[in-house]
Amino acid sequence: MRRWIMTAFASLWLVGCGEQAWQTKDISGLMPPLAFELVDENGNTVNAERFLGKSTLLFFGFTHCPDVCPTTLARLDAATQRMDEAARDDIQVLFVSVDPRRDDPETLRTYTDAFGPRFIGLTGDKEALEELTRRYRVTYGYGEEDSNGNYDVSHSSAVFAFNDQGEARLLIRDSDPMEAMVADLERLAGDT
Amino acid sequence: MSLTPLARLPRMARPWCGIFLLLIGTSGTLSAAELKVNEARLRLLPGDLPAAGYFILVNPSETNITLTGADSPAFGNVMMHRTVNQDGVTRMQPVAQIELAAGEQIEFAPGGYHLMLMKRTRSLAIGDDIEVTLFFANGQQQSITFRAVSPTIQ
Ligand SMILES: [Cu+2]
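These numbers come from a predicted model, not from an experiment.

A. Local environment of the overall build of chain B. Counting its regular elements, chain B contains 2 helices and 10 strands. Ordering the α and β elements of chain B from the N terminus gives α-α-β-β-β-β-β-β-β-β-β-β. For chain B, buried positions account for 41% of its 154 residues. By element, 56% of the accessible surface of chain B is carried by carbon and sulfur atoms, the whole surface being about 8,600 Å².

Given below as structure tokens:
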């Protein structure tokens, strides 16, 4: 009998009472904690500590990106809209522009405002951006300028998620289903 | 189309109006019946940031056609693009033309083909109807009305 109880407890522990698996990619311990020094939407220098206390989603992009960036931000918006209110308020999205030449603080502010108050625009000089992108092992690059002066910027399509202590937790990809994102963001919001 | 406006016209004008409407109807079916466009929407970003145009183009006809570009009076520059994702890095490629076989359809959708519309010629707002013309290799043109939508619409 005692043995049976032990087995029952062991299996309950294994299936994880409370500790269910993440549904998007778990990067805990694989990526360094959130750290940067960038320029915010008001032109002020800010560092990562300023954003601790809330769960942070980090995405690299540029405002002249008509397709992927708005699609990703809209998906994040849709996911947070589906969370309960308390959990939702724990989420902030940092949109880091890797195109500082066109994305001045003013452009960034108008852009992120279009997605809602949870979205915060940041950028920096080449050095700051290279340091941050290297830290999370992502790349970006500039395409050729056309006759109108327009150019494409290649960038990572993934979203990095950090808990409220700034510890790396998840890599969310375009291909992850909405349900998986919502479940993981809710869990992230409760993660301390 | 409702016949009510016709009924309100003076009696003398009615036959002429009827013929006129008939002519419009006929010329419309002759030039535009070949292709169908569904879900045409234009995702508008603030300021003069480039917008993305999405739609589904259906070719129910029995001939293959080739889409070669687009134009809009509301924008100075419209390009066909495709988003490609390679090893987690995303970028856009210009697309010169897209073949559309008889009976097939092609989807311009987030993360794939899109029209990239740049340099607004007038101010645009969410909810506006925006005219876009598609060009085909055989010289055919097709006008589409895109509805401007918020960037948070997926
Ligand atoms: Cu594009």
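Next comes the rest of the write-up.
B. Geometry of the nonpolar core. Membership of the largest hydrophobic core comes to 59 residues, with the highest contact counts inside it found for F36, L57, L58, L73 and F160 of chain A. With near-sequence residues (within four places) excluded, F36 of chain A lies in contact with V46, N47, A48, F51, L94, L122 and L132 of chain A.

C. Structural view of the coordination of the copper ion. All names here are of chain B. Within the protein, the atoms that donate to the copper ion are H81 (ND1), M92 (SD), H114 (NE2) and M116 (SD), at distances of 2.0 to 2.7 Å. One can describe the site at the copper ion as irregular: its 4 donor atoms subtend angles covering 83 to 135° at the metal. Counting gaps between the donor residues of the copper ion yields the pattern H-x10-M-x21-H-x1-M. Of this pair, H81 sits in strand β4 (residues 75-86) while M116 sits in strand β8 (residues 113-120), placing them 35 residues apart in sequence. Judged on exposure class, the residue H81 and its partner M116 are both buried.

D. Up close: the side chain of R43 of chain B. Within the secondary structure layout, R43 of chain B lies in strand β1 (residues 36-43). D67 of chain A is the oppositely charged side chain nearest to the buried, salt-bridge-free R43 of chain B, at an N-O distance of 4.2 Å. A polar side-chain atom of R43 of chain B sits 2.9 Å from the main-chain carbonyl oxygen of D67 of chain A. Aside from chain neighbours lying at most four places away, what touches R43 of chain B is P66, D67, P70 and T71 of chain A together with A51, A52, Y54, P110, V149, S150, P151 and I153 of chain B.

E. Representation of the interface of chain A and chain B within the structure. Of the residues lining the interface, 29 residues belong to chain A; the matching set on chain B comes to 29 residues. Both sides together, the interface formed by chain A and chain B hides about 2,100 Å², and carbon and sulfur atoms give 60% of it. Counting the contacts that link chain A with chain B gives 0 salt bridges. At the junction of chain A with chain B, the criterion picks out 10 residue pairs in polar contact (both at pLDDT 80 or more). Among the elements of the structure, α2 (68-81), α4 (105-113) and β8 (153-156) of chain A are those that each provide at least two residues to the side of chain A that touches chain B.

F. Representation of the pattern of salt bridges. All names here are of chain A. Scanning all chains against the criterion turns up 6 salt bridges over all chains. The closest approach of N and O atoms between R82 and E179, which form a salt bridge, is 3.6 Å. Of this pair, R82 sits in the loop between α2 and α3 (85-88) while E179 is found in helix α6 (residues 178-190), placing the two residues 97 residues apart along the sequence. In this structure R82 comes out as partly exposed when scored by relative accessible area, which is 48%. Across the pair R101 and E145 runs a salt bridge whose closest N-O atoms are separated by 3.3 Å. In this pair, R101 is assigned in the loop between β5 (91-97) and α4 and E145 in the loop between β7 (141-142) and β8, connecting sequence segments 44 residues apart.

G. Unusual backbone geometry, seen in detail. Residue and element names in this part refer to chain B. Residue E39 is not a glycine yet carries a positive backbone phi of 55°. Structurally, E39 is set in strand β1. One non-glycine residue, K119, adopts positive backbone phi at about 55°. If you trace the backbone, K119 turns up in strand β8.

H. View of the packing of aromatic side chains. Residues and elements named next belong to chain A. Taken as a whole and judged by the stated rule, the model has 12 aromatic pairs over all chains. The interplanar angle of 40° and the centroid separation of 6.0 Å between the aromatic rings of F36 and F51 together place this pair among those described as tilted. Of this pair, F36 sits in the loop between β1 (25-26) and β2 (37-40) while F51 sits in the loop between β3 (45-47) and β4 (55-61); the two residues are 15 residues apart in sequence, bridging distant segments of the chain. Of the two residues, F36 and F51, both sit in the buried class. Pairing F95 with Y111 gives two aromatic rings, centres 5.0 Å apart and planes at 40°, and the pair type is tilted.

Criteria and cut-off values
Residues numbered from 1 in each chain as written. Chains lettered and ligands numbered in written order. Predicted model: local features only at pLDDT ≥ 70, side-chain atom pairs only at ≥ 80, totals over all residues. Heavy atoms only, no water. Helix = DSSP H or I, 4+ residues; strand = E, 2+ residues; numbered from the N terminus. Buried < 20%, exposed > 50% of the residue type's maximum accessible area, 1.4 Å probe, protein only. Areas by Shrake-Rupley, 256 points an atom, 1.4 Å probe, with all protein chains shown as cover. Core = buried A, V, L, I, M, F, W, Y, C linked by side-chain atoms within 4.5 Å. Contact = heavy atoms within 4.5 Å. Donors = N, O, S within 2.8 Å, 3.2 Å for Na, K, Ca; no water. Tetrahedral: all angles 85-135°; square planar, octahedral: opposite > 155°, others 65-115°. Lys, Arg positive; Asp, Glu negative; His and termini not counted. Salt bridge = Lys/Arg side-chain N within 4 Å of Asp/Glu carboxyl O. Polar contact = N/O pair within 3.5 Å; in protein donor to acceptor, adjacent residues only side chain to side chain. Buried area = accessible area lost by both parts, 1.4 Å probe. Phe/Tyr/Trp six-rings, centres within 6.5 Å; stacked < 30°, edge-to-face > 60°.

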